[in-house]
Amino acid sequence: MSFNFTDIVLFLGVSQGIFLAVSLQLIHNRNKSANRVLSWLLLISVVMLFARISTFRIPADWVWRFGILVDTSLFLFGPLVFLYVRKMLFLTPRVRTLNWVHYVPAGLHLSYYFWTLGIPLKDFNATYANGGLNLQFFIVETAGLISFIVYWLKTYGLLRSYRKEEKKQLSFQQNVFTFLSCVMGALFLSISLWGISFVSLQFFGIQIPYLGYTTMWISTPIFIYVIGYFSLRQPEIFRIPISGKAKVEKDRLQPAEIQQLQKRLNYFMAEEAVYMQPDLTLKSLADKLNTSPNNLSWLLNQVYQATFYEYINRHRIKAFIKRIENEAHRNHTLLSLAMDVGFNSKSTFNKAFKAVTGQTPSHYIKNQQVA
């Protein structure tokens, strides 16, 4: 029995999937709830990959029927990816899993599998060979593709919500957003190729080599490697509480309350320089001010016309410019100075600096020297 390159990739995906699923459970106090979902996702991927190898390498008649059972995983993949991303980004202490409605398609497909068990194996194989199951396969693949598209859109919506809430509640950007955006991009490409292949074959009778189900089988090990190894190295993520669409209260604080809160805020910015804390959050600053995060957010939006992220980074940029004026950049790198005033990455610093000054840090220094 010979093995080709695809078999080797799939075998590595199976072995690494098992390794990562077990390893993630050994990591304590680090994105534990999200990693638990990821472990299930990895194990489902392992089953999918194992079935892919078995279907084409084991000549037994029962293998094709077993493949129908494995296809149930297609309807679990989307919901679990959505749940993983939600647990990774948002604080949902009361929500351990998704509503049962999300698992109905998987349950229906499982029922279909049990229905096929009522057909004698010989008759089942004969029906399969004569194309008698083509309609069922068409329905299953259509439903699977729709499921992937729906949950991709729902997960993309989570990323957009997180990006919006991140600037309201955090003074820094986390690498997890960039990582998950890349994962979503890869999934979008795989789903697109699958969709193109499906439409081409079902409606035009043209089969495109290496697309369709094959694309999903090959992209799954890549997904396992990337997301699994990232999660092994990923530090604890600061998860954002999910906020409802509450209407803005125009007069949430009275003038006296605004003045008092501003006074305390100015003190912690000027005297305590709390903006230099790289992990400063809306909640932690609100606790220092003896107010609620909602009150502080309202003050920043209504009085200072800024999100929490923008307000804190304005102070960081101001402190950075002061160091430049004192010529600290002659003895230190720009990155070290940026880290010193509270930034946690070069990209975040460059983006914030240009937003405030309209220039890059190097151009700003060059223009100051010319002046």
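Residues numbered from 1 in each chain as written. Predicted model: local features only at pLDDT ≥ 70, side-chain atom pairs only at ≥ 80, totals over all residues. Heavy atoms only, no water.

Quick notes on the overall build of the protein
Reasoning step 1: Along the backbone of the protein there are 16 helices and 2 strands.
Reasoning step 2: Here the analysis covers contacts within the protein between residues at least 6 apart in sequence; of these, 74% occur between residues at least 24 apart.
Reasoning step 3: By element, 61% of the accessible surface of the protein is carried by carbon and sulfur atoms, the whole surface being about 20600 Å². (Helix = DSSP H or I, 4+ residues; strand = E, 2+ residues; numbered from the N terminus. Contact = heavy atoms within 4.5 Å. Areas by Shrake-Rupley, 256 points an atom, 1.4 Å probe, with all protein chains shown as cover.)

Here's the deal with the confidence of the model for the protein
Reasoning step 1: On average, residues of the protein carry a pLDDT of 85, and 86% of them reach 70 or more.
Reasoning step 2: Per-element mean pLDDT across the protein ranges from 71 in helix H9 (residues 213-233) up to 95 in helix H13 (residues 308-325). (pLDDT = per-residue confidence, 0-100.)

A few points about the pattern of salt bridges
Reasoning step 1: Applying the stated criterion across every chain yields a total of 5 salt bridges.
Reasoning step 2: Close ionic contact of Glu-165 with Lys-168 constitutes a salt bridge, the shortest N to O distance being 3.6 Å. With Glu-165 and Lys-168 both in helix H7 (residues 134-169) and 3 residues apart, this pair spans about one turn of that helix. (Salt bridge = Lys/Arg side-chain N within 4 Å of Asp/Glu carboxyl O.)

Focus: the packing of helix H4 (residues 74-89) against helix H8 (residues 175-204)
Reasoning step 1: Where H4 contacts H8, the axes come no closer than 12 Å and their chain directions differ by 170°. In terms of orientation, H4 lies roughly antiparallel with respect to H8. Where H4 abuts H8, its residues Val-81, Tyr-84, Val-85, Met-88 and Leu-89 lie against Val-176, Leu-180 and Leu-187.
Reasoning step 2: Here the contact of H4 with H8 is built from residues that sort into 8 nonpolar, no polar and no charged. (Axes fitted to C-alpha atoms, helices over the stretch in contact; angles between N-to-C directions. Parallel < 35°, antiparallel > 145°, perpendicular 65-115°, else oblique. Nonpolar A, V, L, I, M, F, W, Y, C, P; charged D, E, K, R; others polar.)

A few points about the packing of aromatic side chains
Reasoning step 1: A complete count under the given rule lists 18 aromatic pairs for this structure.
Reasoning step 2: With a centroid separation of 5.6 Å and an interplanar angle of 55°, the aromatic rings of Tyr-113 and Phe-114 are classed as tilted.
Reasoning step 3: Owing to a relative accessible area of 12%, Tyr-113 belongs among the buried residues under this scheme.
Reasoning step 4: Pairwise contacts between aromatic rings join Phe-320, Phe-343, Phe-349, Phe-353 and Tyr-364 into one cluster.
Reasoning step 5: Sitting above the plane of the Phe-82 ring, Lys-154 keeps its charged end 4.9 Å from the centroid.
Reasoning step 6: Above the ring of Phe-343, the side-chain terminus of Arg-316 is found at 5.7 Å from the ring centroid. (Phe/Tyr/Trp six-rings, centres within 6.5 Å; stacked < 30°, edge-to-face > 60°. Buried < 20%, exposed > 50% of the residue type's maximum accessible area, 1.4 Å probe, protein only. Lys NZ or Arg CZ within 6 Å of the ring centre and 35° of its normal.)

A short note on the packing of helix H10 (residues 255-270) against H13
Reasoning step 1: Where H10 meets H13, the axes come as close as 11 Å, and the angle between the chain directions of the two elements is 40°. The pairing of H10 with H13 is recorded here as oblique in orientation. Seen along the crossing, H10 lies across H13 with a hand that is right-handed. Here Leu-265, Asn-266 and Met-269 of H10 lie close against H13, whose contacting residues are Tyr-311, Ile-312 and His-315. (Left-handed = near helix turned anticlockwise from the far one by under 90°.)

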